[in-house]
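One-letter residues, chain by chain:
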Amino acid sequence: AQTVTQSQPEMSVQEAETVTLSCTYDTSENNYYLFWYKQPPSRQMILVIRQEAYKQQNATENRFSVNFQKAAKSFSLKISDSQLGDTAMYFCAFMKHVANQFYFGTGTSLTVIP
Amino acid sequence: DTGVSQDPRHKITKRGQNVTFRCDPISEHNRLYWYRQTLGQGPEFLTYFQNEAQLEKSRLLSDRFSAERPKGSFSTLEIQRTEQGDSAMYLCASSPSRAKGEQYFGPGTRLTVT
């Protein structure tokens, strides 16, 4: 079975600062995808960033980047230049390469402080 | 708006009643997913459709739950004889066939069973 662990239930960051959200996972699979999804107070989940396990290069999307450590089964999200609109619940998710279901962590509630 | 839509957004029902939720995926997305999210948890996979075929079902989907996607477009999720433990947010997501794992989520239907 796949498990995803987010050990930081709540975090806060000053506007314009950088914050890192942690995620670890457990799997015996070699080929898989990892994701960070954002769920703002309106509750609609939005994809932030995706990483394919076979790619060694860390994914980046504008202010969002990941630190993917495959051997350590770690997948952290770094948000640079934090903005008030980044306030949301952030979920780390795992999906096997040939599969259709996500395994989500329990989420990290991030608050950006003005 | 061309995103995933769900109806109703909120449903309050008494224990023992039946409820039905609807999901309209993004046009031309042939894959559709249902998840359940309880407070303080990440979404949990319930079931998956490719076109009209229901290809995967979680063990979470008890006999009281049934999902359909009759014409490969919208989907319905029915819960019979609701229990208080069914209170949750029910999320629908869709993806195109060539998606590399990412799914597009709807706003969810919040169910409260009294």
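Going by the structure above, here's the rest.
Along each chain, numbering runs from 1 in the same order as the chain's sequence is written. Chains carry letters from A onward and ligands carry numbers from 1 onward, assigned in written order. Local features in this predicted model are restricted to residues of pLDDT 70 or higher, and side-chain atom pairs are both shown and tallied only at a pLDDT of 80 or more, whereas totals for entire chains, interfaces and linings draw on every residue. Calculated side-chain values reflect all of the structure's heavy atoms, with hydrogen atoms and water omitted.

## Some words on the overall build of chain B
Okay, so step 1: Tallying secondary structure elements over chain B gives zero helices and eleven strands in all.
Okay, so step 2: The helix and strand labels rest on DSSP assignments: H or I over at least four residues marks a helix, E over at least two residues marks a strand, and numbering proceeds from the N terminus. Counting helices and strands in the order they occur from the N terminus, chain B gives β-β-β-β-β-β-β-β-β-β-β.
Okay, so step 3: Relative to the globule expectation of 13 Å for 114 residues, the C-alpha radius of gyration of chain B, 13 Å, shows essentially globular dimensions.
Okay, so step 4: By principal-axis analysis of the C-alpha atoms, chain B measures approximately 40 × 25 × 25 Å.
Okay, so step 5: Each residue gets one of three labels from its accessible area relative to the maximum for its type: buried under 20%, exposed over 50%, partly exposed in between, using a 1.4 Å probe on protein chains only. Taken across its 114 residues, chain B has 48% of its residues classed as buried.
Okay, so step 6: What makes two residues a contact is simply this: any of their non-hydrogen atoms within 4.5 Å. Restricting to contacts in chain B with at least 6 residues of sequence separation, those with at least 24 account for 53%.
Okay, so step 7: Note that accessible areas follow from Shrake-Rupley with a 1.4 Å probe, and for residues the cover is restricted to the protein chains shown. Only carbon and sulfur atoms are counted for the fraction: they give 42% of the accessible area of chain B, which is about 5900 Å².
Okay, so step 8: Neither His nor the chain ends contribute to the count of charged residues, in which Lys and Arg are positive and Asp and Glu negative. The location of each charge is read from NZ of Lys, CZ of Arg, CG of Asp or CD of Glu. Averaged over its 16 positive side-chain charges, chain B has a centre that lies 3 Å from the centre of its 13 negative ones. All radius of gyration figures rest on C-alpha atoms, and the globule criterion is 2.2 Å times the number of residues raised to 0.38.

## A word on the sheet that holds strand β8 (residues 75-79) of chain B
Residues and elements named next belong to chain B.
Okay, so step 1: Strand pairing follows a simple DSSP-based rule, namely that at least 2 bridges must link the two strands. Taken in spatial order, the four strands line up as β1-β3-β8-β7 in an open sheet, and their pairing is antiparallel. The open sheet is flanked by β1 (5-7) and β7 (65-68), the only strands paired with a single partner. On average, each strand axis in the sheet is inclined to that of its neighbour by 15°, with strand direction left out of account.
Okay, so step 2: Relative to strand β3 (residues 19-24), β1 is paired through three bridges, and the arrangement is antiparallel. Opposite serine 5, over in β3, you have aspartate 24 as the bridge partner. Comment: axis = line fitted to C-alpha atoms, over the contacting stretch for helices; angle = value between 0 and 180 degrees taken between N-to-C directions.

## Regarding unusual backbone geometry
Residue and element names in this part refer to chain B.
Okay, so step 1: Aspartate 7 connects to proline 8 through a cis peptide bond whose omega is -5°.
Okay, so step 2: Of note, proline 8 is situated in the loop between β1 and β2 (10-13).
Okay, so step 3: The residue glutamate 28 is not glycine, and still its phi comes out positive at about 75°.
Okay, so step 4: Here glutamate 28 falls in the exposed class, since its relative accessible area comes to 77%.
Okay, so step 5: Positive phi, close to 50°, is recorded for arginine 81, a residue that is not glycine.
Okay, so step 6: Within the fold, arginine 81 resides in the loop between β8 and β9 (88-95).

## Section: the pattern of salt bridges
Residue and element names in this part refer to chain A.
Okay, so step 1: One speaks of a salt bridge when a side-chain nitrogen belonging to Lys or Arg is within 4 Å of a carboxyl oxygen belonging to Asp or Glu. Scanning the model with the defined rule gives eight salt bridges over all chains in all.
Okay, so step 2: The partner of lysine 73 in a salt bridge is aspartate 26, and the shortest N-O contact between them spans 3.7 Å. With a gap of 47 residues between them, lysine 73 in the loop between β8 (64-69) and β9 (74-79) and aspartate 26 in strand β4 (residues 24-26) connect regions that are remote in the sequence.
Okay, so step 3: Look at aspartate 26 and you get partly exposed, because its relative accessible area is 42%.

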